[in-house]
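The primary structure of each chain is shown beneath.
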Amino acid sequence: MKKYLTTAEVAERYRTSPATIRYWRYAGTGPQCFIRRGRHVLYDAEALDKYDAEEIGGRRAA
């Protein structure tokens, strides 16, 4: 079973505010691995791990 995180949990993970996570979602930057369930936005934890690995790998290669 997949694990999903709320916007607040993702903000805590990235040490930023929930407003910043919402802005990233609006602007199309940051992790785009979210789904909407009614008014709720949930992020796939496994996809966030992959996003993190790609971002770290990309920075090291540059």
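To start, this report covers the structure provided alongside it. (Residues numbered from 1 in each chain as written. Predicted model: local features only at pLDDT ≥ 70, side-chain atom pairs only at ≥ 80, totals over all residues. Heavy atoms only, no water.)

A look at the pattern of salt bridges
A complete count under the given rule lists four salt bridges for this structure. With a shortest N-O distance of 3.0 Å, Asp44 and Lys2 are connected by a salt bridge. Separated by 42 residues along the polypeptide, Asp44 in strand S3 (residues 40-44) and Lys2 in the segment before strand S1 (4-6) bring together distant segments of the chain. The salt bridge involving Asp49 is made with Arg13; its shortest N-O contact spans 2.7 Å. With Asp49 in helix H3 (residues 45-61) and Arg13 in helix H1 (residues 7-13), the pair connects residues that are 36 residues apart, well separated along the chain. Arg13 gets classed as partly exposed once you look at its relative accessible area, which sits at 30%. One salt-bridge network, in which partners are shared between bridges, spans Arg13, Asp49 and Asp52. (Salt bridge = Lys/Arg side-chain N within 4 Å of Asp/Glu carboxyl O. Helix = DSSP H or I, 4+ residues; strand = E, 2+ residues; numbered from the N terminus. Buried < 20%, exposed > 50% of the residue type's maximum accessible area, 1.4 Å probe, protein only.)

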